Amino acid sequence: CLCLCLCILSEKMVKVSMRSVLKFSGFAAAYVAGMYGTMLYIQTENAENVSNEERCDTWNKIADTYDKEIEETERSTGVLGKRAEVMAHAFGDVLEVGVGTGRNLPFYPRGLNTLTLLDRSEGMLQVARESVETYVSSQEKSASKALYSIDGGSNNWSGNKVEQTALSVDHKVTPVTFIATASESLPFPDSSFNAVVDTFGLCSYDDPNSTLQEMFRVTRPGGKILLLEHGMSHSVKPMTWYLSWRAKCHAKSWGCWWNRDIKGIVEDAIENYNNNTNDSRDNSDGQHMFISDSSIYHMGTGYIYVVEKSYNQDK
């Protein structure tokens, strides 16, 4: 009987102990969540406006750690797959504006004629150059003969800082040019490229509309503008509210405005170009832009656009 009583008492004590642990865990979780929410609220409400110069400084400061910080996030959320999906459309002579650290480099298709990488942040562009050099160095070690060349180029695009190297795929060497300059005024003649790429850049440019106008201008007829972007959601309003609430803090940390209306920006830029309202070029030949493919993901905050340049007014 004594043993039975002890067993029953022990079982009750275990149940009481478990309830106590669960109550304490719940209290601790609520306390931590409350403290974090309070900190987030104070930080957000006291956030100051971020100037374009401050955002540019941010890109230079985070350049060396940027890839490490976002690699796992992009992998787990499927963004790397989206990069591969968009880059599959690139062909011929390719320009990538706002290249950052060169996160699209592994996804470009084989056999490009030329690849021009442009960014206003010299810190980010240096990391991109190192990525290319690492790639071609690995090819040298694994190949029976040299499949690449690295060369300091002498091309001069309107006085901008220019560097050149070469990226080899399947025995075809693709010249790679690095240019440090802003995207709102591209230093290239009209119709210079078959494809112009921008990934997660429209959130960062001082004037995204002007950047798109420039991208349209330097694209050849029959060419494509490839966009992978993030911004406000038109379908999930609470998400847009949160992005807007935290926008200043995010701009301070990452240099981008993640609550911009990407859909509106792209559609307005196309309309402006087609109506010839934003520049003085002669559009009498009928060249115009149209969206040939698009998709939305991540609860309406992620955008993919393939925009083509055509002479066909019936498009």
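Above this text you will find the structure in question.
Quick caveat: nothing in here was measured; it's all calculated off a predicted structure. (Residues numbered from 1 in each chain as written. Predicted model: local features only at pLDDT ≥ 70, side-chain atom pairs only at ≥ 80, totals over all residues. Heavy atoms only, no water.)

Chemist: Any chance you could break down the side chain of Thr174 for me, citing the residues and the numbers?
Modeler: By the element assignment, Thr174 lies in strand β4 (residues 172-180). The class for Thr174 is buried, based on a relative accessible area of 4%. Within the local environment of Thr174, its side chain forms a polar contact with the backbone oxygen of Leu112, the two atoms lying 2.7 Å apart. (Helix = DSSP H or I, 4+ residues; strand = E, 2+ residues; numbered from the N terminus. Buried < 20%, exposed > 50% of the residue type's maximum accessible area, 1.4 Å probe, protein only. Polar contact = N/O pair within 3.5 Å; in protein donor to acceptor, adjacent residues only side chain to side chain.)

Chemist: Quick one: what's the story with the environment of Asp207, residue by residue and with numbers?
Modeler: Checked against the element boundaries, Asp207 lands in the loop between β5 (193-199) and α5 (208-218). When the C-alpha atoms of Asp207 and Glu184 are compared, they prove to be 6.8 Å apart, with 23 residues separating the residues in sequence.

Chemist: Tell me about the pattern of salt bridges, and please be specific about residues and values.
Modeler: All chains considered together, the criterion is met by eleven salt bridges. Between Arg129 and Glu133 there is a salt bridge, and its shortest N-O distance comes to 3.1 Å. Separated by four residues within a single helix, Arg129 and Glu133 lie in helix α4 (residues 122-142), roughly one turn from each other. The class of Arg129 is buried, set by a relative accessible area of 12%. Measuring nitrogen to oxygen at the nearest pair gives 2.9 Å for the salt bridge that ties Arg217 to Glu214. (Salt bridge = Lys/Arg side-chain N within 4 Å of Asp/Glu carboxyl O.)

Chemist: Report on the nonpolar core, specifying residues and quantitative values.
Modeler: Formed by 26 residues in total, the largest nonpolar core has its most connected members in Leu95, Leu212 and Phe216. For this core, the element with the most residues is helix α8 (residues 262-274), which contributes six residues. Aside from chain neighbours lying at most four places away, what touches Leu212 is Leu202, Leu227, Ile265, Val266 and Ala269. If you look at the next biggest cluster of nonpolar residues, it comprises 23 residues, including Met87, Val94, Val197 and Leu228. (Core = buried A, V, L, I, M, F, W, Y, C linked by side-chain atoms within 4.5 Å. Contact = heavy atoms within 4.5 Å.)

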